[in-house]
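Each chain, written out:
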Amino acid sequence: MNEMCIKKLKKMIDVNIPIIYINDYDFVRVDELIYGAIGDKTSREWTPATGCINFVDKNKRAYAETMSLSDFLKTEYERETANDRYLILKEIEDFIELPEVKTQLILIAQRKLYDPEFNTTVFVVSTVVNVPESLRQYISYLSIDLPKDEEIKELIDAHIKVNRDENFYEREDINELIPSLRGMTAFEIDRTLDMAMSKNGNLTASDRDLINQQKKQMVKNSGLLELVDSNVKISDIGGMTILKEYLENKAKVMKHMTRAQEYAVRVPKGVFIVGMPGCGKSLCAKAAAAEFVAPLLKLDMGSMMGKYVGESEGNLRKAIKIAEAAAPCVLWIDEVEKAFSGVGGDNSEIVTRMFGYLLGWLQDKTSSVYVIATANNAEKLPPELKRKGRFDEIFCVNLPDKSERKAIFEVHLERINKKDKISLYVDTETLAKNTEGFNGADIESVVNETVENAFLALIEKNSDEALTITNDMLIKTAKETKSISKTCKNQIISMEKIFNECDFKSAS
């Protein structure tokens, strides 16, 4: 168990916090943590499944077998004295809103604060966060750090020890597994190593693929972050020369971060990309991860919202903790304006708190988590996000100009030109002239639809000959396409106004 967590918990007890909330699902390790902080002092545990039992010796019942949580708390509150006494309440999220339970917890908390003869500390251990508003002022949260490299090594060693007499392990080989295991809890690392060892009876660097697949599934199951696979490279993006060069330079710094810090180079924070839909913002996030040679974690702010009081903020803290433990990585926050458009308005207390936490983390961040935030509508952005400080730079992605449209056509036409059964007779200069007001997604659609139409014509002829794609065919498709400049005219005007008012750097 992490000694730093035990020290943090001891400190929280020493400063007289009445209720300590631990949001975790690995109850075995949480029990080890609590025991490491309180030892053999008097402690009672209550769960919906077991009722009240002795915390240290769980085979011993402390009270009547069917005692409810309310009766248990009432009994503890009515004690004449209770020095160094601890109550561990597990999975009570379905009970904590009950008036009698909520009131008993408030009474216990207040008595601890004002009665020197009543030193009773309550631990709430739960897989979800549910805190009634009336209890918030009495509760502090213990954040259990994810395993550092040294603890990951210890977990690997523990699995190796079982087979030490049968197999030979190269330490350097095993150490290559550590980066893949970062960002996982000790419980998840244990289960993953069990799977790896069951495969061939040992652990080697070749197990990284299995570990990464398992890690991807765990991240997906958390519902907080998505591990995004992408084969997009910087060279696959047409236009946006300044932004692409900027990301390439940041990638060089991140790859040589240890050396960079010797020269007082600051750890890059991230970049904010604002622009119309379909203009390549998402492609930039995916390409940046490839350039950084780092995993791409996508944060969906909508998935942070929980049904319990305090759960949303807890989800955001947990997601950021996972990202920091997985560093170096790229954290992509997509369509950030949708999450924070309600900041400062009515009924936005939760959103405002989450926004404040995110801003504080961005401002103070020192880890190698490179944040790429993207937004489609700058008009809805809170003003705090429209200035530098939280990000290294804010880029505006406008509709591509003629030279950029030419470059985008070249990227997509080069992709289909690699096929043996396609012949191209095109002039990208002419195509760019005939697609003013088109964004990157519009141009990709024109190319794909033209190829599809040509293929359908081939099927009608029952022919197996090569496809011929010409300028006229592409221009005809373009004329039949409703570009973004026609469908989102008012939004484009609004965006251009905001770009002129704000200190945004052009991506081109």
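About the cut-offs
- Residues numbered from 1 in each chain as written.
- Predicted model: local features only at pLDDT ≥ 70, side-chain atom pairs only at ≥ 80, totals over all residues.
- Heavy atoms only, no water.
- Axes fitted to C-alpha atoms, helices over the stretch in contact; angles between N-to-C directions.
- Helix = DSSP H or I, 4+ residues; strand = E, 2+ residues; numbered from the N terminus.
- Parallel < 35°, antiparallel > 145°, perpendicular 65-115°, else oblique.
- Left-handed = near helix turned anticlockwise from the far one by under 90°.
- Contact = heavy atoms within 4.5 Å.
- Nonpolar A, V, L, I, M, F, W, Y, C, P; charged D, E, K, R; others polar.
- Expected span 1.5 Å × (residues − 1).
- Buried < 20%, exposed > 50% of the residue type's maximum accessible area, 1.4 Å probe, protein only.
- Arc of directions from axis to C-beta.

A. Spotlight on the packing of helix α13 (residues 311-325) against helix α15 (residues 349-364). Across the interface, α13 lies against α15 with an axial gap of 9 Å and an inter-helix angle of 20°. Taken together, the axis directions place α13 and α15 in an arrangement best described as roughly parallel. Here the hand of the crossing between α13 and α15 comes out right-handed. Residues Ser312, Glu313, Leu316, Arg317, Ile320 and Glu324 of α13 form the contact with α15, whose participating residues are Ile350, Arg353, Met354, Tyr357, Leu358 and Trp361. Looking at the contact of α13 with α15 residue by residue, the class counts come to seven nonpolar, one polar and four charged.

B. Geometry of helix α16 (residues 402-417). Taking 1.5 Å per residue as the helical rise, α16 with its 16 residues ought to reach 22 Å, and the 22 Å between its terminal C-alpha atoms agrees with that figure. Listed in full, the buried residues belonging to α16 are Glu404, Arg405, Ile408, Phe409, His412, Leu413 and Ile416. Across the axial projection of α16, the buried residues extend over an arc of 165°, all falling on one side. Among the structural elements, β13 (422-425), α17 (428-433), α18 (440-460) and α19 (471-479) are those in contact with the buried residues of α16.

C. Seen up close, unusual backbone geometry. Here Val293, not a glycine, exhibits a phi torsion of approximately 50°, which is positive. Here Val293 lies in the loop between α12 (281-292) and β9 (296-299). Positioned with a positive phi, Asn462 is a non-glycine residue whose angle comes to about 55°. As for its placement among the helices and strands, Asn462 is situated in the loop between α18 and β14 (467-470). Asn462 gets classed as exposed once you look at its relative accessible area, which sits at 73%.

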